[in-house]
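For reference, the chains in residue letters:
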Amino acid sequence: MRFTFPIAATIAAALLVISGCSTIKQNQGYIVDEALVTSVQPGVDNKDSVQKTLGRPTFAAQFDADEWYYISRNTRQIAFLYPKAQSQGIIKISFDPRGNVTKIERRGLEEVVNVRPLREKTPTLGRNTGIFEDIFGGVGAFGSANTPTDSAGGTSTGRDGPK
């Protein structure tokens, strides 16, 4: 059987498109060793022994340095689509003020949240100005005797905040 040029080109194009739809799997974060994680015991271990056993945490809580998090995530992405989390593990270790382990918690995929931007625009506080006000809004405002001043004696338009 002989292929003509249009059929061969169609088959080649289809194979090229299909090969572009490959799956990308990615592992991110802490690699969990169950034997090491189960060896950490509340009331027995402290920050130093946890760090020697599990390594440095993925991050410590921002407002409470007595909570450490070890996070791992496996994602899958098809071609150019957004990656989707297939599995996730969060190990949260809490310490008392003296640095001793008080609690070990585990969480999983239920903590994943998909955040989508609103129409590719982030809403902000402030004035909504049009293009004409952006271009011509400052005409006549410079050098005016009625320009408001701030407490330091400088001019203040309210747009850039205090200077």
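Preceding this section is the structure that the text describes.
Report on the accompanying structure. As the structure is a prediction and not an experimental result, all values here were calculated from the model.

## Overview of the pairing of strand 4 (residues 84–95)
So, step 1. Relative to strand 4, strand 3 (residues 67–78) runs antiparallel, the two being bridged by 10 bridges. Its bridge partner being in strand 4, Arg-76 is matched across the sheet by Lys-84.
So, step 2. Connecting strand 3 to the antiparallel partner strand 4 that follows it, the hairpin turn spans five residues, and Ala-79 within it adopts a positive phi of roughly 50°.
So, step 3. Of the pairings in the sheet, the one linking strand 4 to strand 5 (residues 101–107) comprises six bridges and is antiparallel in character. Looking across to strand 5, one finds that Ser-94 is bridged to Lys-103.
So, step 4. Turn length for the strand 4-strand 5 hairpin, with the two strands adjacent in sequence and antiparallel, is five residues, and the turn residue Gly-99 shows positive phi of about 95°.

## Describing a nonpolar patch on the surface
So, step 1. Together, Ile-131, Phe-132, Ile-135, Phe-136 and Val-139 make up a nonpolar patch on the protein surface, roughly 610 Å² of accessible area in all.
So, step 2. Along the chain, Phe-132 turns up in helix 4 (residues 131–136).
So, step 3. Judged by relative accessible area, Phe-132 falls into the exposed class, the value being 61%.

## Quick notes on the nonpolar core
So, step 1. By size, the foremost hydrophobic cluster in this structure holds 11 residues: Tyr-30, Val-37, Val-40, Val-50, Leu-54, Trp-68, Tyr-70, Ile-91, Ile-93, Phe-95 and Val-101.
So, step 2. Elements with a minimum of two residues in this core: helix 3 (47–54), strand 3 and strand 4.
So, step 3. Among the elements that take part in this core, strand 4 stands out by supplying three residues, more than any other.
So, step 4. Discounting chain neighbours no more than four positions away, the residues touching Val-101 are Val-40, Gln-41, Pro-42, Gly-43, Asp-45, Asn-46, Val-50, Ile-93, Ser-94 and Phe-95.

## Examining the pattern of salt bridges
Once the charged atoms of two side chains with opposite charge are near each other, the side chains can pair.
So, step 1. Under the counting rule described, the total for this entry stands at eight salt bridges.
So, step 2. The partner of Glu-105 in a salt bridge is Lys-92, and the shortest N-O contact between them spans 3.6 Å. With Glu-105 in strand 5 and Lys-92 in strand 4, the pair connects residues that are 13 residues apart, well separated along the chain.
So, step 3. One network of salt bridges, in which partners are shared, links Glu-67, Lys-92, Lys-103, Glu-105 and Arg-107.

## Side note on the side chain of Asp-96
So, step 1. Locating Asp-96 in the fold gives a position in the loop between strand 4 and strand 5.
So, step 2. Apart from residues no more than four positions distant in its own chain, Asp-96 is found in contact with Asp-66 and Thr-102.

Parameters and conventions
Along each chain, numbering runs from 1 in the same order as the chain's sequence is written. With the structure being a predicted model, the display of local features is reserved for residues of pLDDT at least 70 and the display and counting of side-chain atom pairs for 80 or more, all residues being used for whole-chain, interface and lining totals. To get the side-chain values, all heavy atoms of the structure are used, and hydrogens and water are removed first. In this analysis, strands are considered paired if DSSP registers two or more bridges between them. By definition, any uninterrupted DSSP run of H or I lasting at least four residues is a helix, any uninterrupted run of E lasting at least two residues is a strand, and each is numbered from the N terminus. Each patch groups residues whose relative accessible area exceeds 30% and which form no salt bridge, using 9 Å between like charges and 5 Å between nonpolar side chains of Val, Leu, Ile, Met, Phe, Trp and Tyr. Accessible surface is estimated by sampling points in the Shrake-Rupley manner with a 1.4 Å probe; for residues, cover comes only from the protein chains shown. Throughout this description, the term salt bridge denotes a Lys or Arg side-chain nitrogen within 4 Å of a carboxyl oxygen of Asp or Glu. The buried label applies to any residue whose accessible area, calculated with a 1.4 Å probe on protein chains only, is under 20% of its type's maximum; exposed applies above 50%, and partly exposed to all values in between. To qualify as a nonpolar core, a set must consist of buried Ala, Val, Leu, Ile, Met, Phe, Trp, Tyr and Cys residues joined through side-chain atoms within 4.5 Å. Whether two residues are in contact is decided by their heavy atoms, any of which lying within 4.5 Å being enough.

Function-wise, these values are silent; they only describe arrangement.
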